[in-house]
There are 2 protein chains.
Amino acid sequence: MNSESAKEIGEFALIERLRNNLGSVGNDADVIVGNGDDAAVIKAVDGKCWIVTCDVQVCGVHFPSMGDVSGFAVGYKSLAVNVSDVAAMGGRPRFALISLGIPEETPVSFLDEVYGGVRALSEEYDILVLGGNVTRTSGPLFVDVFLVGEVMAEKVLRRSGARAGDRILVTGHLGDAAAGLHSLSGSQTGVREDLYASLTRAQLEPQPRVAEGIVIAESGLATAMLDISDGLAGDIRHLCEASDVGAILWESELPVSDALLEAASLSAKNPFEWALHGGEDYELLVTTPAESAGALQEILRRVGGEPLTIIGEILPASQGISLKRTDGIFALENLAWEHFSA
Amino acid sequence: MNSESAKEIGEFALIERLRNNLGSVGNDADVIVGNGDDAAVIKAVDGKCWIVTCDVQVCGVHFPSMGDVSGFAVGYKSLAVNVSDVAAMGGRPRFALISLGIPEETPVSFLDEVYGGVRALSEEYDILVLGGNVTRTSGPLFVDVFLVGEVMAEKVLRRSGARAGDRILVTGHLGDAAAGLHSLSGSQTGVREDLYASLTRAQLEPQPRVAEGIVIAESGLATAMLDISDGLAGDIRHLCEASDVGAILWESELPVSDALLEAASLSAKNPFEWALHGGEDYELLVTTPAESAGALQEILRRVGGEPLTIIGEILPASQGISLKRTDGIFALENLAWEHFSA
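Quick look at the structure, then. Because the structure is predicted, anything quoted here is derived from the model rather than measured.

A few points about the side chain of aspartate 85 of chain A
All names here are of chain A.
- Structurally, aspartate 85 can be placed in helix H3 (residues 71-88).
- One buried charged residue, aspartate 85, forms no salt bridge at all, with the nearest opposite charge on arginine 159 at 5.8 Å.
- Excluding residues within four positions of it along the chain, aspartate 85 makes contact with Asp38, Ala39, Thr53 and Asp227.

Put into structure tokens, the structure is as follows:
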């Protein structure tokens, strides 16, 4: 009998517990990637595989409460975070099922906005909504999306392939979503309107890196990939644990936007705190042998994808995970965003 | 701008609205059965298909609040209702993803029970849990299950194949789950302990009819199938709408258990009210040409499945849906269990 509460043991321990309780049951004959990656992968047809993943977003946890956020953003983000998991396996999103938990007093107009947000992203990525269900709840509105993506079996990119000596790269910018959340909370004032808009958009309408993920997977150059949802510091740990390696990140190389730098300066915050620990970036974290890093950057540049920045190096597991700053090298504390210890 | 609330327009209108908003987007090249059946079906490998479905269960809506229900029942039922949707397509469950929304103060021991309930059914049906996610919520605990099942393409049974003249059959008994809910609510006293146990078990641990669904699909005799979740009166309407037919149900033939009859008698309730409108039976509703009905019953009998009872006949759409009672024939009102108008 365990008398602790969910809050006391935390999100990752709960997932681990679920995996330990259930992991050994069932028949895995058609499974390419099982429990523990960004998504699972099962066999489809003609060498193709289906990627399956789910992620639930709750008002007041993953976005502001209903009065403080548009229905559009709720729908958009709920689908986007799942699209990002498919992108992290090198896949293309295809089909979605949507479960909605709805407080009785929710205006139908708000729900239409939610559907509008889902539709906008569905149109962008040609995703077919195959079904769903709605239920009332006495709690906050939630949107749970199950997403099916496709990928060729030989292109699937796991978290577990990184090797010592590999370079670590990341798409786009880090920390904008966290700075956007800070702005939305009202604790941020004085940021120029266009910068405020770009930061809050990163928080409310994250852009999954589907084209980038496909190009990276098809290049055959990457050894591992995942998407950054818990923050770089947390997700590099997930990658290192899955690959049984260590890593060093170079703080001075972390790609941060001008908007983030301005917001940080106005709040007297360290922008790298947001970039390392903020979370919800939904950028792709990729590893590749040192000699391939330049080629991979060039491929992304040619197709017009988000730039890939080299931010560190994979080390043997014995060296742990560290951060190189101007004032020295420090063990990177595990400060990943945990839903139950926030 | 629609200023109505979710409660005012009701569950089915919300689902219809979602379908209308999203139905036309995306590429359906690999889709065998799209939106609107018990589950969707997409192509897999070697003529096999994957059935995909999701259904969310919320404490205080689909089962009693956390203090009044075991974690085991919560886990078991959350998976069982999805297994039932796969059974309704003639399929076999294979893989699950599970999203949990957890109030912070939830004891970990309760969650272990939830996992235990999921595990019990997973072991029974050899279901592999491929992943999942947990989130905190300020509302009631919810469990959302995404289930993947398999079926051969030519065996898929839809809701839409019923034809005038077909017989309507149902597995097992109807109404026990509703009577069980009545017992659990405390408004039922004096039922013998063994009968009470069988009724409450029907409510808390419904037995999906997987073996029966597979045998019915493989017989090639059935024209349509779905599972009864909203109550016979609601689900015969769903079948008739999908097949563009009418129906007559014969009240005297509805299969009801001795436990249900005793509970109804003690409460001065009409047992057929529960059988028609109670919902959550998770029995299979099947149609077959009149000349095949006996053969289908015999096949189920031979494999030791739940008995199939003939309860009515499919009519042309123009004749609507009616109920034959000892005192006449009545239009069957649509009193399906709606989550938002309960």
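Further notes follow.
Considering the sheet that holds strand E1 (residues 31-33) of chain B
All names here are of chain B.
- The six strands are arranged E1-E2-E3-E6-E4-E5 in an open sheet whose pairing can be described as mixed. The outermost strands of the open sheet, each flanked by one partner alone, are E1 and strand E5 (128-136). Sheet twist, expressed as the average angle between the axes of neighbouring strands with direction ignored, equals 20 degrees.
- Relative to strand E6 (residues 142-152), strand E3 (residues 48-58) is paired through eleven bridges, and the arrangement is antiparallel. The residue of E6 that forms the bridge with tryptophan 50 is glutamate 150.
- Seen against the sheet, helix H4 (residues 108-125) touches strand E4 (92-102) and E5 and runs at an angle of roughly 170 degrees to E4.

A word on the relation of the copies chain B and chain A
- With an RMSD of 0.0 Å, chain B superimposes on chain A once it is rotated by 180 degrees and translated 0.0 Å along the axis. Within this description, the copies of the chain are treated as partners about a two-fold rotation axis.
- Interface overlap between copies is the fraction of interface residues in one copy that are interface residues in the other; for chain B against chain A it reaches 99%, indicating a shared surface.

Examining helix H9 (residues 258-267) of chain B
All names here are of chain B.
- Those residues of H9 that sit buried are Ala259, Leu260, Ala263 and Ala264. One face of H9 carries all of its buried residues, which in axial projection span an arc of 130 degrees. Those residues of H9 that are exposed and aimed more than 90 degrees away from the buried face are Asp258 and Ser265.
- Contact partners of the buried residues in H9: helix H5 (176-184), helix H6 (193-204) and helix H10 (271-277).

Quick notes on the interface of chain B and chain A
- Listed as interface residues are 87 residues of chain B and, on the opposing side, 86 residues of chain A.
- Around 7300 Å² of area is buried between chain B and chain A when both sides are counted, 64% of it from carbon and sulfur atoms.
- One can count six salt bridges joining chain B with chain A.
- Among the salt bridges present, the one from lysine 7 of chain A reaches glutamate 104 of chain B, with a minimum N-O distance of 3.7 Å.
- Counting the contacts that link chain B with chain A gives 20 residue pairs in polar contact (both at pLDDT 80 or more).

Considering H5 of chain B
Residue and element names in this part refer to chain B.
- Here H5 lies mainly inside the structure; seven of its nine residues are buried.
- Along H5, the positions that sit buried rather than exposed are Asp176, Ala177, Ala178, Ala179, Gly180, His182 and Ser183.
- Check the buried side of H5 and you find it contacts H6, H9 and H10.
- One or two positions beyond H5, positive phi appears at glycine 186, with a value near 90 degrees.

Observations regarding the pairing of strand E2 (residues 40-43) of chain B
Residues and elements named next belong to chain B.
- Bridge count between E1 and E2: two bridges; the pairing is antiparallel. Its bridge partner lying in E2, valine 31 is registered against isoleucine 42.
- Strand direction decides the pairing type here: E2 and E3, joined by four bridges, are antiparallel. Looking at the pairing, lysine 43 lines up with cysteine 49 of E3.
- Between the antiparallel neighbours E2 and E3 lie four residues, among them aspartate 46 with a positive phi of about 55 degrees.

Brief notes about the environment of leucine 204 of chain B
Residues and elements named next belong to chain B.
- Looking at where leucine 204 falls in the secondary structure, it is placed in helix H6.
- By relative accessible area, leucine 204 is classed as buried at 17%.
- Each C-alpha atom, one on leucine 204 and one on glycine 180, is 8.2 Å from the other, the two residues being 24 residues apart in sequence.
- In contact with leucine 204, not counting residues within four places along its chain, are Pro64, Val69, Ala73, Lys77 and Leu184.

Topic: the sheet that holds strand E4 (residues 92-102) of chain A
- Pairing is mixed in the open sheet, where six strands are placed in the order E1-E2-E3-E6-E4-E5 (chain A). With one partner strand each, in any of the chains shown, strand E1 (31-33) and strand E5 (128-136) of chain A form the two edges of the open sheet. Neighbour-to-neighbour, the strand axes of this sheet turn through a mean angle of 20 degrees, independent of strand direction.
- Running over the sheet, helix H2 (residues 11-22) of chain B touches E4 and E5 of chain A and is turned about 155 degrees from E5 of chain A.

Description of the packing of helix H6 (residues 193-204) of chain A against helix H9 (residues 258-267) of chain A
All names here are of chain A.
- Across the interface, H6 lies against H9 with an axial gap of 9 Å and an inter-helix angle of 105 degrees. Classed by the angle they form, the pair H6 and H9 counts as roughly perpendicular. Residues Leu195, Ser198 and Leu199 of H6 touch H9, and the partners they reach there are Ala259, Leu260, Glu262 and Ala263.
- The residue makeup of the contact of H6 with H9, split by class, is five nonpolar, one polar and one charged.

Observations concerning unusual backbone geometry
All names here are of chain A.
- Residue aspartate 126 is not a glycine yet carries a positive backbone phi of 60 degrees.
- The topology assignment puts aspartate 126 in the loop between helix H4 (108-125) and E5.
- Its identity as a non-glycine residue notwithstanding, tyrosine 282 has a phi of 55 degrees, on the positive side.
- Relative to the elements of secondary structure, tyrosine 282 occurs in the loop between helix H10 (271-277) and strand E10 (284-288).
- The buried category is assigned to tyrosine 282, whose relative accessible area is 5%.

Cut-offs used in this document
Along each chain, numbering runs from 1 in the same order as the chain's sequence is written. All chains are assigned letters beginning with A, and all ligands numbers beginning with 1, in the order in which they are written. Only residues with pLDDT of at least 70 get local features here, since the model is predicted, and only at 80 or more are side-chain atom pairs given and counted; chain-wide, interface and lining totals rely on the full set of residues. Note that the side-chain values use all heavy atoms of the structure and ignore hydrogens as well as water. Helix and strand labels come from DSSP, where a helix needs a run of H or I of at least four residues and a strand needs a run of E of at least two; each type is numbered from the N terminus. Residue exposure (1.4 Å probe, protein chains only): buried if accessible area is under 20% of the type maximum, exposed if over 50%, otherwise partly exposed. Positive: Lys, Arg. Negative: Asp, Glu. His and the chain ends are not part of the count. By definition, a salt bridge exists where a carboxyl oxygen of Asp or Glu is found within 4 Å of a side-chain nitrogen of Lys or Arg. Only heavy atoms enter the contact rule, under which two residues are in contact if any of them lie within 4.5 Å. Pairs of strands are assigned from DSSP output, requiring at least two bridges between the strands. Angles here are taken between N-to-C directions and fall from 0 to 180 degrees, while the axes themselves are lines fitted to C-alpha atoms, restricted in helices to the stretch in contact. Residues below a pLDDT of 70 in either copy are left out; the C-alpha atoms of the rest, at least 70 in both, set the least-squares superposition of the copies. Arc, as used here, means the arc of the directions from the helix axis to the C-beta atoms. The quantity reported as buried area is the accessible area (1.4 Å probe) lost by two parts once they are put together, taken as the sum for both. Each polar contact in these results corresponds to two N or O atoms within 3.5 Å; when the atoms are within protein, one needs to be able to donate a hydrogen and the other to accept it, and residues that are neighboring in sequence are counted only if both atoms are side-chain atoms. The cut-offs work like this: below 35 degrees is roughly parallel, past 145 is roughly antiparallel, 65 to 115 is roughly perpendicular, and the gaps in between are oblique. All amino acids are sorted into three groups, where Ala, Val, Leu, Ile, Met, Phe, Trp, Tyr, Cys and Pro are nonpolar, Asp, Glu, Lys and Arg are charged, and the leftover types, Gly among them, are polar.

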